[in-house]
Amino acid sequence: MPPKPYEDHGPGDPTALPAALALGMLAVGGWLLTTARPWHKPGHALTLGLGWTASGALLVCGLTLLARCVRTVHGSAADTEP
């Protein structure tokens, strides 16, 4: 039987907000990567380097954060104990 709306459902998922942040970082990093293409438009080397560095950092951080969230949710009990 599904719980009634007024019943206590317990604490929420603690990884929901970090996972949403990670997906947002991946989206922004991918968007920056597609806009900082040297073959698309000529640009200054410093601008292109900064764009690629920022997009790479966002992609790596987002992927790392998302992997940690997935490991938290799907990890075994032996993985989470110190």
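Coordinates for the structure precede this section.
Residues numbered from 1 in each chain as written. Predicted model: local features only at pLDDT ≥ 70, side-chain atom pairs only at ≥ 80, totals over all residues. Heavy atoms only, no water.

### Some words on the overall build of the protein chain
- Along the backbone of the protein chain there are 3 helices and 0 strands.
- N-terminal to C-terminal, the α/β element order of the protein chain is α-α-α.
- Burial analysis of the protein chain (82 residues in total) assigns 13% to the buried set.
- Put simply, 65% of the contacts in the protein chain that link residues at least 6 apart link residues at least 24 apart. (Helix = DSSP H or I, 4+ residues; strand = E, 2+ residues; numbered from the N terminus. Buried < 20%, exposed > 50% of the residue type's maximum accessible area, 1.4 Å probe, protein only. Contact = heavy atoms within 4.5 Å.)

### Details of the side chain of Thr15
- Mapped onto the secondary structure, Thr15 falls in the segment before α1 (16-35).
- Taking relative accessible area as the criterion, Thr15 reaches 10% and is therefore assigned buried.
- Filtering out sequence-adjacent residues up to four positions away, Thr15 remains in contact with Cys69, Thr72 and Val73.

### Re α1
- In this model α1 runs 29 Å from its N-terminal to its C-terminal C-alpha over 20 residues, within 8% of the 28 Å that 1.5 Å per residue would give.
- Of all the residues in α1, the buried ones are Ala19, Ala22, Met25 and Gly29. Mapping the buried residues of α1 onto a view down its axis gives an arc of 115 degrees, with all of them on the same face. Those residues of α1 that are exposed and angled more than 90 degrees off the buried face are Leu17, Leu21, Ala27 and Trp31.
- Against α2 (45-74) lie the buried residues of α1. (Expected span 1.5 Å × (residues − 1). Arc of directions from axis to C-beta.)

### Overview of α2
- The first and last C-alpha atoms of α2 sit 43 Å apart over 30 residues, in line with the 44 Å expected at 1.5 Å per residue.
- What α2 keeps buried is the set Leu48, Gly51, Ser55, Gly62 and Cys69.
- The elements touched by buried residues of α2 are α1.

### Here we look at the packing of α1 against α2
- At a minimum axis separation of 8 Å, α1 and α2 run at an interaxial angle of 155 degrees. By the criterion of interaxial angle, the relationship of α1 to α2 is roughly antiparallel. Seen along the crossing, α1 lies across α2 with a hand that is left-handed. Contact with α1, carried on its side by Pro18, Ala19, Leu21, Ala22, Leu23, Met25, Leu26, Val28, Gly29, Gly30, Leu32 and Leu33, involves Trp52, Ala54, Ser55, Leu58, Leu59, Cys61, Gly62, Leu63, Leu65, Leu66 and Cys69 of α2 and no other residues of that element.
- By residue class, the composition of the contact of α1 with α2 is 19 nonpolar, 4 polar and no charged. (Axes fitted to C-alpha atoms, helices over the stretch in contact; angles between N-to-C directions. Parallel < 35°, antiparallel > 145°, perpendicular 65-115°, else oblique. Left-handed = near helix turned anticlockwise from the far one by under 90°. Nonpolar A, V, L, I, M, F, W, Y, C, P; charged D, E, K, R; others polar.)

### Details of the side chain of Ser55
- Examined against the element boundaries, Ser55 turns out to sit in helix α2.
- Apart from residues no more than four positions distant in its own chain, Ser55 is found in contact with Gly29, Leu32 and Leu33.

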